[in-house]
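Overview (structure and organization)
Chain by chain, the residues run as shown.
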Amino acid sequence: MRITQEADYAVRIIDCLAASGARMDARSVSEKTGVTLRFTLKIFRKLGQAGIVRSFKGVQGGYELVRSPKEINLRQVIEAVDGPININRCMTGSLPCALLEDTRLCYYHTVFNELSKTIQDKLEGVTFRDEDRHT
């Protein structure tokens, strides 16, 4: 499993909004995070669809977090742009197990499932509240 550059940028964008504690326009977020404006807007669209941020139009427009930073975790942000976190493609359910028809009998399927769950749990435990970001 590898976190994409887009997911890395999404984490930076959410961290920027969490640190500001206020609504920010996309250009300011782009400048603070070093993510191009075009890519920032693309990521904001996905984060909005996932219910993590909301957008406002007009002169006082911009983006803000839907929930408090302590209620948003790394897993939510990463999955908003990359999709479900799985250590191996056989975990997605879209492909049959390469070793056995019955995935319950596949030793590696079980190992990959446990690893994926451990990673998911760890990412859920990291939020964007101040105490987490600066320890």
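Residues numbered from 1 in each chain as written. Predicted model: local features only at pLDDT ≥ 70, side-chain atom pairs only at ≥ 80, totals over all residues. Heavy atoms only, no water.

Focus: the environment of Asp 82
- On the secondary structure map, Asp 82 appears in helix α4 (residues 74-82).
- Separated by 80 residues in sequence, Asp 82 and Arg 2 have C-alpha atoms that sit 9.8 Å apart.
- Discounting chain neighbours no more than four positions away, the residues touching Asp 82 are Ile 3, Thr 4 and Ala 7.
- Among the polar contacts listed, one links the side chain of Asp 82 to the side chain of Thr 4, at a separation of 2.5 Å. (Helix = DSSP H or I, 4+ residues; strand = E, 2+ residues; numbered from the N terminus. Contact = heavy atoms within 4.5 Å. Polar contact = N/O pair within 3.5 Å; in protein donor to acceptor, adjacent residues only side chain to side chain.)

Re the packing of helix α2 (residues 26-33) against helix α3 (residues 37-49)
- Interaxial distance between α2 and α3 falls to 9 Å at its minimum, and their mutual angle equals 115 degrees. In terms of orientation, α2 lies roughly perpendicular with respect to α3. Read as a crossing pair, α2 and α3 show a hand that is right-handed. Residue-level contacts link Ala 26, Arg 27, Val 29 and Ser 30 of α2 to Leu 37, Thr 40, Leu 41 and Phe 44 of α3.
- Broken down by class, the residue content of the contact of α2 with α3 amounts to 5 nonpolar, 2 polar and 1 charged. (Axes fitted to C-alpha atoms, helices over the stretch in contact; angles between N-to-C directions. Parallel < 35°, antiparallel > 145°, perpendicular 65-115°, else oblique. Left-handed = near helix turned anticlockwise from the far one by under 90°. Nonpolar A, V, L, I, M, F, W, Y, C, P; charged D, E, K, R; others polar.)

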